[in-house]
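# Results of the structural survey
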Amino acid sequence: MALSRVVLSLLKLKVSYSCQLELRKSIPKYFFNNNTRLISTAAIIDKTKKMPFETVEAGTPNGDDFRIYYKNENGPVSPLHDIPLYADPANNVFNMVVEIPRWTNAKMETWENPAHVDSHTNHKGDNDPIDVLEIGHRVAKRGEIIQVKVLGTIALIDEGETDWKIFTIDVNDPQAQQMNDINDVEKFFPGLLKASVEWFKIYKIPDGKPENKFAFNGEAKNSEFALNIVRETHKFWNGLIKKELDGGKLSCSNVSIEGSPFKIGLDEANNILNQAPKPGTAKGIDSIGKIFFNSKLIVGLY
């Protein structure tokens with residue numbers, strides 16, 4: 001992803017407070033500790049060199065020019081290409097970038113190979129990084145990098161494309177030591193898997209689109225299956241960053257990957273950051289237009 005769009009434009013997706021209250025009534029109470037949000041989604045990202053990172057926000061919050069940039073001690077980096085995949089390879093602990101904290105739905109766009117037909121789903125990838133759902137108790141901040149372990153996965157077929165959803169938990173969560181596989185999700189968070197599948201099935205209906213489908217009839221697969229999906233996707237990323245695979249319009253600019261034809265210098269990266277939009281006052285959020293009722297969840301139309 002180009003460093004000028006380290007995290008791409010903020011899409012104008014919003015949920016009114018009244019809709020959030022209705023959602024709260026339909027979801028088990030343990031989801032709402034400390035004003036938590038429904039699910040934290042993010043992208044598992046790639047590479048293998050660990051460094052401290054910080055974020056720089058630019059543009060107007062809730063506006064189309066809003067950006068989040070990432071820096072390490074040397075300067076700007078790409079969250080897709082320069083942040084390590086593994087935080088602890090020996091224990092399969094991964095770095096995860098938080099894109100959408102719970103109870104928010106402003107989407108920060110950030111690679112599942114669009115040319116590869118997945119043997120499990122018989123569909124091609126959606127040309128985005130793998131989506132991750134972190135289910136712990138703490139609500140992480142947008143742009144935060146947290147360390148997670150993989151519990152399992154579901155395979156969403158989104159408009160004919162494979163869109164894996166990896167279930168994880170923050171390794172620092174109080175229940176993390178007791179959770180190691182997909183069955184533990186139902187044990188410690190009863191109802192979450194079912195609610196998640198239902199949400200991903202219906203969330204595009206307000207846009208006039210049909211229900212999404214799932215591979216395996218919506219059955220969640222275990223941690224080893226999910227780890228293999230992450231490893232396979234990581235291999236595709238390696239081909240992408242070396243220009244062995246075509247990522248289409250997806251930028252592969254990076255500052256750390258030796259041998260990558262897309263590597264840029266720190267001066268160029270700093271220049272991109274220096275040209276970022278100036279910070280502005282947050283824009284107001286439009287009120288909801290309609291509420292679509294479902295037997296289990298409520299979806300807003302804007």
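Residues numbered from 1 in each chain as written. Predicted model: local features only at pLDDT ≥ 70, side-chain atom pairs only at ≥ 80, totals over all residues. Heavy atoms only, no water.

### Comments concerning the pattern of salt bridges
With the rule as written, the count across this model stands at eight salt bridges. Residue arginine 138 pairs with aspartate 170 through a salt bridge whose shortest N-O separation is 3.9 Å. Of this pair, arginine 138 sits in the loop between strand E8 (131–134) and strand E9 (145–158) while aspartate 170 sits in strand E10 (residues 161–170), and the two are 32 residues apart along the sequence. Of the residues examined, aspartate 170 reaches a relative accessible area of 9% and is grouped as buried. A salt bridge links glutamate 258 to lysine 263; its shortest N-O distance comes to 2.6 Å. Salt bridges sharing common partners tie together Asp131, Asp163 and Lys165. (Salt bridge = Lys/Arg side-chain N within 4 Å of Asp/Glu carboxyl O. Helix = DSSP H or I, 4+ residues; strand = E, 2+ residues; numbered from the N terminus. Buried < 20%, exposed > 50% of the residue type's maximum accessible area, 1.4 Å probe, protein only.)

### A closer look at helix H4 (residues 223–241)
The periodicity of an α-helix, 3.6 residues per turn, causes residues three or four positions apart to be oriented the same way. Taking 1.5 Å per residue, 19 residues should reach 27 Å; H4 reaches 27 Å between its end C-alpha atoms and fits that length. At the exit of H4 stands lysine 243, carrying a positive phi of roughly 65°. (Expected span 1.5 Å × (residues − 1).)

### Re the sheet that holds strand E2 (residues 54–58)
Pairing within the open sheet is antiparallel, and its three strands lie in the order E2-E3-E4. Only two strands of the sheet have a single neighbouring strand rather than two, namely E2 and strand E4 (75–77). Looking at each pair of strands side by side, their axes are set apart by 45° on average, direction ignored. Where E2 and strand E3 (residues 67–72) come together, five bridges link them in antiparallel fashion. Note that in E3 the partner of threonine 55 across the bridge is tyrosine 70. (Pairing = 2+ DSSP bridges. Axes fitted to C-alpha atoms, helices over the stretch in contact; angles between N-to-C directions.)

### Remarks on the pairing of E3
Of all six residues making up E3, five are buried, and the element is well covered by its neighbours. Bridge count for E3 against E4 is three bridges, and the pairing is antiparallel. What sits directly across from lysine 71, in E4, is proline 76. Between E3 and E4, which pair antiparallel and follow one another directly, the connecting turn spans two residues.

### Digging into the packing of aromatic side chains
For the structure shown, the criterion picks out five aromatic pairs. Ring geometry for phenylalanine 200 and tyrosine 203: centres 6.1 Å apart, planes at 85°, overall edge-to-face. Judged by relative accessible area, phenylalanine 200 falls into the buried class, the value being 7%. Look at tyrosine 203 and you get partly exposed, because its relative accessible area is 25%. Between phenylalanine 216 and phenylalanine 225, the ring centres sit 5.7 Å apart and the planes meet at 90°, which makes this aromatic pair edge-to-face. (Phe/Tyr/Trp six-rings, centres within 6.5 Å; stacked < 30°, edge-to-face > 60°.)

### Describing helix H5 (residues 266–274)
Where H5 is concerned, the buried positions are Ala269, Ile272 and Leu273. Looking straight down H5, one finds its buried side chains confined to an arc of 100°; they lie on one side. Within H5, the exposed residues directed more than 90 degrees away from the buried face are Asp267 and Asn274. Structurally, H5 contributes buried residues whose contacts are with E2, E3 and E4. (Arc of directions from axis to C-beta. Contact = heavy atoms within 4.5 Å.)

### Comments concerning the pairing of E8
Residues Asp131 and Leu133 of E8 are buried on one face, and the alternating residues Val132 and Glu134, pointing to the opposite face, are buried as well. Inspection of the sheet shows E8 paired to E10 by four bridges, in the parallel sense. Following the sheet pairing, glutamate 134 is matched in E10 by threonine 168.

### Concerning the confidence of the model for the chain
For the chain, the average pLDDT comes to 77, and 71% of its residues sit at 70 or higher. Helix H1 (residues 17–26) is the least confidently modelled element of the chain, averaging 35 in pLDDT, while helix H2 (residues 182–188) averages 96, the highest of any element. Of the regions scoring below 50 in pLDDT, residues 121–126 engages in 30 contacts with residues more than four places distant in sequence or in other chains. (pLDDT = per-residue confidence, 0-100.)

### Observations concerning unusual backbone geometry
Even without being a glycine, tryptophan 103 presents a positive backbone phi close to 65°. Looking at the element boundaries, tryptophan 103 is found in the loop between strand E6 (93–100) and strand E7 (124–125).

### Description of the environment of proline 79
Here proline 79 shows up in the loop between E4 and strand E5 (86–88). Residue classification places proline 79 among the buried positions, given a relative accessible area of 4%.

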